[in-house]
Amino acid sequence: MSIDPLFFLAIVMMGCATYATRLSGYLLLRGVRIEGRVKAAIDAVPPAILTAVIAPAVFLQGWAEMIAGAVTLVVALLRAPLLVTIGAGVASVVALRHLFM
Amino acid sequence: MLLAYAPIAALWGAVAAGQGFSPLEAILMSGIVYSGAAQFVAVDLVKAATPLSLLVFTIATVGLRHVLMSASISRHITHFPKLRASILMFWLTDEAWAILERRALHEKLTPAYFLGASMPLWPNWILFTGIGALVGNRLGDGSAIGLDFAFAAMFIAVLAGFWKGPRTGAILAASAAAACAAKLLVPGAWYILIGGIAGMAVSVALHSERETA
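Since the model is a prediction, treat every value here as computed from it, not as a measurement.

## Regarding the overall build of chain A
- Helix and strand counts for chain A come out as five helices and zero strands.
- Starting at the N terminus and ending at the C terminus, chain A contains elements arranged as α-α-α-α-α.
- Against the compact-globule benchmark of 13 Å for 101 residues, chain A has a radius of gyration of 20 Å, which places it well outside the compact range.
- With respect to the three principal axes, the spread of C-alpha positions in chain A is 55 × 50 × 25 Å.
- Considering chain A as a whole, with its 101 residues, one finds that 47% of them fall into the buried category.
- With an accessible surface of roughly 5200 Å², chain A has 72% of that area assigned to carbon and sulfur atoms.

Okay, here's the thing in structure tokens:
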């Protein structure tokens, strides 16, 4: 178990960078009245970012991931609990990968 | 959630160990940086002997999506004391944020809920980093049992709660198309930000149409 001092400095600075990104949105918008177009933009953040994070993993990998994504969405829209939905997605991607191999 | 985290943390620990990180270094990095995407990118950059300033700058760009996430969550925690909310932001990972946004759709967020939904992921992340770093590549291939898809499945599940009709459909389509295009054309993690901004732009465009109608 050892640690290089320069490397430790790098870790701390990277940690600061990550924390700064998480803090800045909160500090910037805190106390700001949000309405009109700004509200429309901020309201769209959760679904738009959620989609952007996973879209390549679902659409760019192959048929198995695309179909499993659709299965997961259907299960989720049936209002299944979170863990059941994740389980359905994982199970279907395993089954479909075997099918398409 | 804890289950979805463990394999990713262990995988990162194993990758880091493979690049010459000591287990202590890997554990410290998971505790302090605490961002899966940033850590995977950082391992690549350290391997390539990237200068420190560029390393920190790149990590910040990888984390830019968190600016939007924390801006979005800030609307639901205006009643939190400022200092407490600022500290809680440290644990605002993608997964914790998704859970919190889902909760905020139906119920008011409390500091206790925020802490309970976000903070337990942290020791779990650190623990499995350590296990991954020590056990290394003796771990099996997670994709064989579909664990790599758990993260996507969770986001889809959370996403379903945001459906509010065709307008949402347009936002999602724009975001998905822009993110996929950016993923193919632009190196790095810019696709998340590009997709997010495309979705926001569509939302604003539809909003003004509705206002003038």
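## Notes on the packing of helix α4 (residues 63–77) of chain A against helix α10 (residues 150–160) of chain B
- At a minimum axis separation of 9 Å, α4(A) and α10(B) run at an interaxial angle of 40°. In terms of orientation, α4(A) and α10(B) fall into the oblique class. Crossing angle aside, the handedness with which α4(A) passes α10(B) is right-handed. Packed against α4(A), whose contacting residues are G69(A), T72(A), L73(A), A76(A) and L77(A), the element α10(B) presents A153(B), I156(B), A157(B) and A160(B) at the interface.
- Taken together, the residues of the contact of α4(A) with α10(B) break down into seven nonpolar, two polar and no charged.

## Digging into the pattern of salt bridges
- In the structure shown here, the tally under the stated rule is five salt bridges over all chains.
- Here the salt bridges share partners, and the residues they tie into one network are K39(A), D43(A) and R75(B).

## Regarding the domain arrangement of chain A
- The domains assigned to chain A are domain 1 (1–32) and domain 2 (45–100).
- Here domain 1 of chain A and domain 2 of chain A have C-alpha centroids that lie 31 Å from each other.

The rules behind the values
Counting of residues starts from 1 at the beginning of each chain's written sequence and follows it residue by residue. Each chain takes a letter, starting from A, and each ligand takes a number, starting from 1, following the order in which they are written. Only residues with pLDDT of 70 or above have their local features reported here, since the model is predicted, and side-chain atom pairs are shown and tallied only from 80 upward, although totals for entire chains, interfaces and linings are computed over all residues. For the side-chain quantities, the full set of heavy atoms in the structure was used; hydrogens and water were omitted. Numbering of helices and strands runs from the N terminus, with a helix taken as a DSSP run of H or I at least four residues long and a strand as a DSSP run of E at least two residues long. With the radius of gyration taken over C-alpha atoms, the globule rule is written as 2.2 Å times the number of residues to the power 0.38. Each residue is assigned to one of three classes by its accessible area relative to the maximum for its type, calculated with a 1.4 Å probe on protein chains only: buried under 20%, partly exposed between the two thresholds, exposed over 50%. Per-residue and other accessible areas follow the Shrake-Rupley method at a 1.4 Å probe size, with only the shown protein chains counted as cover for residues. As a rule, the C-alpha atoms of each element are fitted with a line to give its axis, helices using only the stretch in contact, and angles between N-to-C directions run from 0 to 180 degrees. Here the angle decides the label: under 35 degrees means roughly parallel, over 145 means roughly antiparallel, 65 to 115 means roughly perpendicular, and every other value means oblique. Handedness of a crossing follows from how the near helix is turned relative to the far one, being left-handed for an anticlockwise turn of less than a right angle and right-handed for a clockwise one. The contact criterion used throughout is that any non-hydrogen atoms of two residues lie within 4.5 Å. Charged residues are taken to be Asp, Glu, Lys and Arg, nonpolar residues to be Ala, Val, Leu, Ile, Met, Phe, Trp, Tyr, Cys and Pro, and polar residues to be all remaining types, Gly included. Between Lys or Arg on one side and Asp or Glu on the other, a salt bridge is scored when a side-chain nitrogen of the former is within 4 Å of a carboxyl oxygen of the latter. Where each domain begins and ends follows an automated or database-derived domain assignment.

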